[in-house]
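Observations on the three-dimensional arrangement
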Amino acid sequence: MPRAKKVQTDPDPITTKSYSVHLLVSMVLLTGSLVWAVYDEVEVMRPYKEYQARFQAYYSRFLQELRPQQAAKEQEIRNSAEYQEVSAELEAAEQAVRDRIAELDQRTGQGVIPRLTAARNAFQVLRSEIDALRYLIEVSDDEGERSDLREEIAEIRNRVVDVDLPLADGSGEVEEVAMTFEDLEREFLGLQEERAALQSERVDALTEANRLRLERDGLMSERLVGLGAAQIDGLLANLRDSPIGIQQIHLMDIDLVDRCESCHLGIRQPVEIGRTDLLYPVFQSHPQPDLLAIHDPEAFGCSSCHNGNGRATRSVTKGHGRHKFWLWPMFYPENVEAGCQQCHSKEIVTPGGETLNQGRELYMNKGCWGCHRFEGFDAESEQLTQVRQDMRNLSSARDANAKEMRVSLDLGDTSPDREASQRYYARAEELRLTNTRIDAELHTLRTEELNLAREVKKFGPSLKEIKLKDRKEWIPEWIKDPHEFRPGSKMPVFRLLDEEVQQISAYLWQNALDGQLVQHPSGDAERGRELFETRGCMGCHSIGEGAEETGGTFAANLSRVGEKMNFDYMVRWIHDPSEVTPDPAVPDELRPRPIMPNMRLTVAESRDIATYLSGQARDRIEYPDASFMDDPAMAEAGLAAVRHYGCAGCHEISGLEGEGRIGTDLTFEGSKPLDRLDFALKTHEAELEGWHSHKGFFEHKLENPAFFDEGKEREHLERLRMPNFNLGADEINALTTFLLGAVETTFPEQYRFEPEDARADVQAGWWIITRHNCTGCHQIRPGNVSSFMTIPRYTDDPDWAEQLPPQLYTEGARVQPNWLTSFLRNPALSDVDVNRNGVRDYLHARMPTFYFSDRQLAKLTKFFMARDSQPVPHMVEDMEPLTQAERSVGRQLFTSDAAPCLDCHMTGVPSQDVNATAPNFLIAAERLKPNWTYRWLLEPASIAPGTAMPSELFQRDGDRWVFAGEIPQQARQYGGDHADLLTRYMFQMDSAELRRLQALQ
Amino acid sequence: MFNRNQWILLLAPVAVLALVFACGGDDYFDEYDSRAGGQAAAPAGGEPVAEMVTVDPATAATLLGAVTFSGDAPRFPPINMSAEPDCVALHGGRVPSDRVVVNDGMLQHALVWVSKGLEGKRFPVRDDLVNLDQDGCIYKPHVVAVQMGQPINITNSDPTTHNVHPLPRENREWNKSQTSGAPAIEYAFPRAEMKIAVKCNIHPWMQAYIHVLEHPYFAVTDAEGKFEISNLPPGSYTLQAVHEQLGEQEMEITVGASERQQVDFAFTG
């Protein structure tokens, strides 16, 4: 039996089994992974490399194309006569001192400096030896050793050394001088002084040349728009040298890392790069470099304003955070100003943030805050609550003090111990004085309370007077659909059942106050129309339907007001909006004053306007019977509905004075987690369509507040309550922007704009201005378009264009603060003669009397002063009194043909003032500031563009201004500045002087 | 050498890797190119520059005609200069209003211009001297028309100070004082704009209108209501007559080479 056969051996895996395939696969996998890892690391994770390479290429090309244009511009400037002249002067100046400079340089470079160097070297050798010995003295403990060392120093000081000193004449010759340490020191210091003298001589010699060089370079930089060729070359060189890599801003304190500029490379380039100048918009420069100048990206980063994921560099989507795993996606361009709100949350006007400003203004003037609290809006009512709380606390402290005082006095009276009794008396005295202080504080708070009570206003009109004010049958129609009656009304459309409309109407009707109105005869409608169109009503109100509508949108459109409002009530309201039917529930001094100001009209004028407005009605519209409004059962049911829909959020309603808001607080709505915004059944749709975001929620909700109810199975009262405001697309966008920015900021204080200096006054002022629509009549910021400026009469007729209310761009620099306060309190500037403008009586439009509290008057005054950097309190400038001669010259100038002052300015003579277009000089001294007046005389168009006051009344004569045109005899001898003289003359004018002028004229 | 499964085993990772490579990176540039339709590759230039037209005098046409007015003209009270004795002294008596001037049925101060048909064309700026004088405390003439860039020479022939205050909407506004005998103010409006009112604030009755047009084809009617527009390239145009108080009238016209065409406008009260 063959043995081999018997031994059944397993096949040897070493020889028979091959793992080569597995190994190969593994090897391929491993190599592949390695390649992939390297590729991923180098390419995929770093897409910005391509951006940077492309940017370098495109930007170099762009700059190279730009360079010749800029060089040509520079050349053009160099060729200009003025530049040539300065260059020639410069050259001449340099030529004139060339030899002197060469001589000075020669004396310094070849004479003084070699000798100085040699002397210093020798001197330093000795001095270091001495210094070393001194150190040894200082560290030595042994008096004997110290005196040895001192001797050694003395020896060095007396040692005479030979020093090779080059001669100071620059000949290169060297002299060998034997010198002691002292000699050397003297030589060294002397040479140093000589060098300094030569240098200062050189500077002096070049003064004129340097001044001219500055002037020449100044000419270039002043005239050249954009960069110079040399600057472009610098940029190109930088570009060539710039390494490819991540560009990152890291702000430690807020742990912000922004790598945006790894791709957005053009953002901070000094050249303006348009959207497609470098082919791709990613490379454009920041569209608002002035914003970057005040928000340096090195200090603020990018994503702090724009949102998005500043760390991500992997892709556009990730960097911009526009995916569902990033909570705060980058704002879309139309909402970009949302980024301002988080740090500028104390403001209602942020210059430059016009969409955001529009959003805030809408929030204010559409009355959103009636239902939704938002910090800063309606702040007065919260402050009022706080003041009242403070008053209660103080009063109880006062009572407690009084009680303790009585106890202390008793104890003092009865205590057997003299010292103890004195202590009790002292304590009682202290408490009494404390209470005196508390009394003063209580008084201040009480004033504050009265101020605030005047300021707190609900958004809509009071409904306590509807019985006197409105036609009964109109009320349910209005409540049902206000926009049917008055499109665009601020009263929104609620989703009410017919029975709810009836119940609410009945409740409001039966709870309204009863009262008496004075009966008025009708007036002249035509005169009323003229008054309505020109007195100022249209600064806030509009009239005309559809395309015919003109006037302001701040207050109601009055096209159909005649259908609803009682004539006698209207007369009273127009004549004095603060006059109301006494309300037992509210003491008169705490009664809120209306927003509508007092136009200081006569009763007859008020009647005329009311007559005109009463005619504003569609042809007899019959309103259905509304006798249900008298049914007490209806009213009872109405209370629940009025509460449910939050009517008292915007209106004063009897019995509901203390009613709170029904909506959610929106102060931090933008940072509410997305899952807490109720997309309801729309969630899936929103995700699919890409609007499952704060932006999408706000936009859909504002466009149709009932949207997220769609498809829900709900009882009527469970449905969303928010009414429809029928907002336009731009309004929705502005409000969305505002709400997106309404976030609880995570930035520390130094990032937020919460100034405590004069800038806070500016912030505070804008709130009052926005709430009272000052910009309906006045232009306060450049670019403001007032309602007046849109009324055809004022745009089409050049004579009416002059009737526009004054611009207030630099009001703070113009007027004195105390005067401004009194003017704002009473624009008639008179307690008896009120049917007029105090300053510009020639204007048809009238500055109305607003029901400002003292607090608001102070804030407004401070606002104007702060905006123009005017110190408060104002210190009146000293004015040099006019000499007799100066007065006479002033009089001559004033009446000369070259200065037609009295042709336009009011003089107080009614026959002349009919044609006046400027204020009376008599109020100048108490109203104006002299330095402003001086500037106004010289260049009025820079202060009030479009003013009737002409420019170029004066011309330059040496260092003074003189009248352009024929100068009267006496004035020709006057050597002073004519504009200054006129300013002083004006400020020292009195009525006698004015009469005298008129006689002269 | 390898069976099927082994091939799959071998190729799968390669395929996966290839896929990763293909999808890796940021494709902003490709995406932008495809969205912008290759626009990025060839950036669009600025606005097309209007072509500068040289008119051939051999074929140029002339429009001439008159503007008539019939019916009751709007009545304006005579000018009351009593506020400025200097001005009153310059006139013998009553100064009629210059708002609407009709002489024997012919309307003065109407602008006639080519309102359509010359779009996209540029013409050299006219070089005739246009004067606006303040004479007798009224503007003479009451209406002036210039091409944009063409200077207006504003003078004061009165013994009193005026201020010249144009109230444009498109152009820059300015307001300069001009004393008696002061040098002329020369100003060229850089932008086309119709009906720029000019006021003197010192003498509020003074009013003039300046029309600034893009091209040189316009004329203002004279005291006889006549106008002439010459050197017009042949073609079809809309001709418009404008009077700031009476409104506008339009007419379609076609002129042939070297044609002298008569065009009349008739306003009625």
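Residues numbered from 1 in each chain as written. Chains lettered and ligands numbered in written order. Predicted model: local features only at pLDDT ≥ 70, side-chain atom pairs only at ≥ 80, totals over all residues.

**Things to note about the overall build of chain B**
Threshold: Every helix listed is a DSSP run of H or I at least four residues long, and every strand listed is a run of E at least two residues long, numbered separately from the N terminus. Field definition: a residue is buried when 20 or more other C-beta atoms are found within 10 Å of its C-beta, exposed when 12 or fewer are, and partly exposed for counts in between, with C-beta atoms placed from the backbone. Here, residue contact means that the backbone-derived C-beta atoms of the two residues sit within 7 Å.
Along chain B, the regular secondary structure elements total three helices and 21 strands. Burial statistics for chain B: of 269 residues in total, 32% are counted as buried. Considering only residue pairs separated by 6 or more positions, chain B has 66% of its internal contacts joining residues 24 or more positions apart.

**A few points about the overall build of chain A**
As a reminder of what qualifies: Two things to know: the radius of gyration comes from C-alpha atoms, and the globule rule equals 2.2 Å times the number of residues to the power 0.38.
Counting its secondary structure elements, chain A contains 42 helices and eight strands. A compact globule built from 1001 residues should have a C-alpha radius of gyration of about 30 Å, whereas chain A, at 42 Å, is more than 25% larger. Along the three orthogonal principal directions, the C-alpha set of chain A runs to about 150 × 125 × 95 Å. In chain A, which comprises 1001 residues, the share counted as buried stands at 33%. Considering only intrachain contacts with a sequence separation of at least 6, the fraction spanning at least 24 residues in chain A is 71%.

**Some thoughts on the nonpolar core**
Counted only if it meets this: As used throughout, a nonpolar core is a set of buried Ala, Val, Leu, Ile, Met, Phe, Trp, Tyr and Cys residues joined through C-beta atoms within 7 Å of each other.
Counting 68 residues, the largest nonpolar core has Met570(A), Phe954(A) and Phe963(A) as the members making the most contacts within it. No other element matches the six residues that helix α29 (residues 758-772) of chain A contributes to this core. Here Met570(A) is in contact with Met565(A), Ala610(A), Leu613(A) and Ser614(A), once residues within four sequence places are set aside. Residues Ala916(A), Leu63(B), Val114(B) and Phe218(B) belong to the second largest nonpolar core, which totals 57 residues.

**Some words on the interface of chain A and chain B**
Our working definition: In this count, Pro and Cys sit with the nonpolar residues alongside Ala, Val, Leu, Ile, Met, Phe, Trp and Tyr, while Asp, Glu, Lys and Arg are called charged and the others, Gly among them, polar.
At the interface, 40 residues of chain A touch 38 residues of chain B. Those elements that provide at least two residues to the side of chain A that touches chain B are α3 (20-44), α31 (798-801) and α36 (901-904) of chain A. Per-element tally for the side of chain A that touches chain B: the top contributor is α3(A), with eleven residues. A breakdown of the residues in the side of chain A that touches chain B according to their chemical character gives 24 nonpolar, nine polar and seven charged.

**A word on unusual backbone geometry**
Only a minority of non-glycine residues have a phi that is not negative, and only a minority of peptide bonds are not trans. In this chain, Val872(A) is followed by Pro873(A) through a cis amide linkage whose omega measures 0 degrees. Checked against the element boundaries, Pro873(A) lands in the loop between α34 (854-867) and α35 (884-895). In this structure, Pro141(B) follows Lys140(B) across a cis peptide bond, with omega equal to -5 degrees. By the secondary structure assignment, Pro141(B) is in the loop between β8 (138-140) and β9 (143-147). Here the phi dihedral of Leu279(A) falls at roughly 70 degrees; this positive angle occurs in a residue that is not glycine. Mapped onto the elements of the fold, Leu279(A) is located in the loop between β4 (256-258) and α9 (289-294). The buried category is assigned to Leu279(A), around which 22 C-beta atoms lie within 10 Å. With phi around 65 degrees, Asn307(A) is a residue other than glycine that occupies positive phi space. Tracing the backbone through its elements, the reader meets Asn307(A) in the loop between α11 (303-306) and α12 (316-319).

**Digging into the sheet that holds strand β18 (residues 235-243) of chain B**
Residue and element names in this part refer to chain B. Where we set the bar: Only strands that DSSP links by at least two bridges are regarded as paired with each other. For every element, the axis is a line fit to its C-alpha atoms; helices are fit only across the contacting stretch, and the angle between N-to-C directions ranges from 0 to 180 degrees.
Overall, antiparallel pairing links the four strands, which are arranged β16-β5-β18-β19 in an open sheet. At either end of the open sheet lies a strand with only one pairing partner, and these are β16 (218-220) and β19 (247-255). Taken pair by pair, the neighbouring strands of this sheet meet at an average axis angle of 30 degrees, ignoring direction. Judged from the nine bridges that link them, β18 and β19 form a sheet pairing that is antiparallel. Along β19, the bridge assignment pairs Thr238 with Glu252.

**Comments concerning the sheet that holds strand β7 (residues 130-135) of chain B**
Residue and element names in this part refer to chain B. Across the sheet, which stays open at both edges, the four strands sit in the order β8-β7-β10-β13 with mixed pairing between neighbours. Two strands in the sheet have a free side with no partner beyond their single neighbour: β8 and β13 (185-188). This sheet shows a mean twist of 25 degrees between the axes of neighbouring strands, independent of strand direction. In terms of strand pairing, β7 meets β8 through three bridges, oriented antiparallel. In the sheet register, Asp135 faces β8, and the bridge partner there is Ile138.

**Regarding the pairing of strand β10 (residues 151-156) of chain B**
All names here are of chain B. Side-chain alternation along β10 places Ile152, Ile154 and Asn156 on a buried face and Pro151, Asn153 and Thr155 on a face that remains uncovered. In this structure, β7 lies alongside β10, joined through five bridges in parallel fashion. Following the sheet pairing, Leu132 is matched in β10 by Ile154.

**Considering the environment of Leu843(A)**
Residue and element names in this part refer to chain A. Looking at the element boundaries, Leu843 is found in the loop between α33 (817-825) and α34. Expressed as a C-alpha distance, the spacing of Leu843 and Asp619, which sit 224 residues apart in the sequence, is 35 Å. Those residues in contact with Leu843, other than ones at most four positions away along the chain, are Gln803, Pro805 and Asn837.

**As for the packing of helix α20 (residues 498-510) of chain A against helix α25 (residues 632-644) of chain A**
Two quantities define a packed helix pair, namely the angle between the helix axes and the distance between the axes. Residues and elements named next belong to chain A. Defined as follows: Each angle gets one of four labels, with under 35 degrees taken as roughly parallel, over 145 as roughly antiparallel, 65 to 115 as roughly perpendicular, and the rest as oblique.
Contact geometry of α20 with α25 gives a least axis separation of 7 Å together with a crossing angle of 105 degrees. Relative to α25, α20 is oriented roughly perpendicular. Packed against α20, whose contacting residues are Glu500, Gln502, Gln503, Ile504, Ala506, Tyr507 and Gln510, the element α25 presents Pro632, Met634, Ala635, Ala637, Gly638, Leu639, Ala641 and Val642 at the interface. When grouped by side-chain class, the residues that make up the contact of α20 with α25 number ten nonpolar, four polar and one charged.

**Some remarks on the environment of Met538(A)**
All names here are of chain A. Structurally, Met538 can be placed in the loop between α21 (525-534) and β5 (542-543). Look at Met538 and you get buried, because 25 C-beta atoms sit within 10 Å. Along the sequence, Met538 and Asn557 sit 19 residues apart, while their C-alpha atoms lie 9.6 Å from each other. When neighbours within four sequence positions are excluded, Met538 is seen to be in contact with Glu533, Gly551, Gly552, Ser787 and Ile791.

**Brief notes about the packing of helix α27 (residues 694-703) of chain A against helix α28 (residues 729-741) of chain A**
Residues and elements named next belong to chain A. Convention followed: When the near helix sits turned anticlockwise from the far one by under a right angle, the crossing is termed left-handed; a clockwise turn instead gives a right-handed crossing.
With their axes 9 Å apart at the nearest point, α27 and α28 run at an angle of 135 degrees to one another. Relative to α28, the element α27 is oriented oblique. Crossing handedness for the pair α27 and α28: right-handed. Facing His694, Lys695, Phe698, Glu699, Leu702 and Glu703 of α27, the residues of α28 in contact are Ile732, Leu735, Thr736, Leu739 and Leu740.

**A short note on the confidence of the model for chain B**
Residue and element names in this part refer to chain B. What counts is decided by this rule: Scored from 0 to 100, pLDDT records how confident the predictor is in each individual residue.
Mean pLDDT over chain B stands at 86; residues scoring 70 or higher make up 86%. Every residue in residues 40-46 is under pLDDT 50, and counting partners more than four places away or in other chains gives eight contacts. Listed scores for the predicted complex are pTM 0.86 and ipTM 0.79.

**Focus on helix α24 (residues 603-614) of chain A**
All names here are of chain A. Condition: The span one expects for a helix is its residue count, reduced by one, times 1.5 Å.
The terminal C-alpha atoms of α24, which comprises twelve residues, lie 16 Å apart, in line with the 16 Å expected from a rise of 1.5 Å per residue. The buried count for α24 comes to ten of twelve residues, which makes it a mostly enclosed element. Taken residue by residue, α24 has Glu605, Ser606, Arg607, Asp608, Ile609, Ala610, Thr611, Tyr612, Leu613 and Ser614 as its buried positions. Residues of α24 that are buried sit in contact with α21, α22 (561-564) and α23 (567-575).

**Remarks on the environment of Ala209(A)**
Residue and element names in this part refer to chain A. Mapped onto the elements of the fold, Ala209 is located in helix α7 (residues 181-223). With 20 C-beta atoms packed within 10 Å, Ala209 lands in the buried category. Residues Ala209 and Ala999 lie 790 residues apart in sequence; the distance between their C-alpha atoms is 58 Å.

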